[in-house]
Amino acid sequence: MSKIAFIGIGNVGFAIANNLQKKGHEIIVANNDENSVTVKKALEQNVNFSVKNIQAAIDEAEVVFLATPFQANEEILKPLKFNGKVLVDCTNPVGMGISHGLNSEISGSEKVQEWAPDAKVVKAFTIYGFENFINSDYPNYNVKPVMMIAGNDSEAKSKVAKINTDMGFETLDTGKLDQALHLEHMTLLWVKMVRRDGHHPNFVWAKLEK
């Protein structure tokens, strides 16, 4: 099992971290303020998490998850050193009216890679809301829900695929990191259906292949 650090431990970050901790992974909450409200709430819900400052957590972890509000990413990432670690980008640039926050000109993940040039960025855990990271089980079907990923490094994507399996997802590698733009549009599709238009959140996509 892996040591996994989480930068951001709100709804999305906690749901993934909590699930992975129950599967046996060691979870490090990466935060420079251990008195933050989200950190305290996370520790109340799972006493098995440890807390370290962000750089120390990155240095110790094998994989790092980024689950912050997208607008905070540049300031958070630029001072950090990843030294080739896998950085799973769970964030989405969302603009006014649930539009793409970068005007669909570039993906948020490509900006994350720009701000963390020594990380191996993989886009994942964005096409659904946190409800499906709390529990990804759909027992009435004989297929697993799909987790689509994108990234430039095949070894990094292989590591994320193993995490996906632990979370109960089948992995679909969509290609290079520029494909993250289309995954972000899938996020907007899901968010508009659920958060805006009232569709229930417990639905996912599956990969059917001949």
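This text gives an overview of the structure that appears in the document. (Residues numbered from 1 in each chain as written. Predicted model: local features only at pLDDT ≥ 70, side-chain atom pairs only at ≥ 80, totals over all residues. Heavy atoms only, no water.)

1. Examining the nonpolar core
Judged by nonpolar contacts, the single largest core of 40 residues is most densely connected at Phe-65 and Phe-125. In this structure, Ile-28, Ile-54, Phe-82 and Trp-115 belong to the second largest nonpolar core, which totals 21 residues. (Core = buried A, V, L, I, M, F, W, Y, C linked by side-chain atoms within 4.5 Å. Buried < 20%, exposed > 50% of the residue type's maximum accessible area, 1.4 Å probe, protein only.)

2. Points about the sheet that holds strand S2 (residues 26-30)
Ordered in space as S3-S2-S1-S4-S5-S8-S9-S10, the 8 strands form an open sheet in which the pairing is mixed. Looking at which strands have only one partner, the edges of the open sheet turn out to be strand S3 (50-52) and strand S10 (170-173). Ignoring strand direction, the axes of neighbouring strands in this sheet form an average angle of 30°. For S2 and S3, the ladder comprises 3 bridges, and the chain directions are parallel. (Pairing = 2+ DSSP bridges. Helix = DSSP H or I, 4+ residues; strand = E, 2+ residues; numbered from the N terminus. Axes fitted to C-alpha atoms, helices over the stretch in contact; angles between N-to-C directions.)

3. Quick word on the pairing of strand S8 (residues 120-123)
With 4 bridges connecting them, strand S5 (residues 86-89) and S8 associate as parallel partners. Its bridge partner being in S8, Val-86 is matched across the sheet by Lys-120. Pairing of S8 with strand S9 (residues 146-151) involves 2 bridges; the strand directions are antiparallel. Across the sheet, the residue bridging to Val-122 is Gly-151, located in S9.

4. What about the packing of aromatic side chains?
Counting across every chain of the model gives 11 aromatic pairs. Between Tyr-128 and Phe-169 the ring centres are 6.1 Å apart and the planes differ by 15°, which places this aromatic pair in the stacked class. Of this pair, Tyr-128 sits in the loop between S8 and helix H6 (131-134) while Phe-169 sits in the loop between helix H7 (154-166) and S10; the two residues are 41 residues apart in sequence, bridging distant segments of the chain. When sorted by exposure, Tyr-128 lands in the same class as Phe-169, which is buried. Where Tyr-128 meets Trp-205, the ring centres are 5.6 Å apart and the plane angle is 20°; that geometry is what we call stacked. On the criterion of sequence distance, the pair formed by Tyr-128 in the loop between S8 and H6 and Trp-205 in the segment after helix H8 (180-196) is long-range, its members being 77 residues apart. On the accessibility criterion, Trp-205 (23% relative accessible area) is partly exposed. Grouped by ring-pair contacts, the aromatic residues Phe-6, Phe-65, Phe-125, Tyr-128, Phe-133, Phe-169, Trp-190, Phe-203 and Trp-205 constitute a single cluster. (Phe/Tyr/Trp six-rings, centres within 6.5 Å; stacked < 30°, edge-to-face > 60°.)

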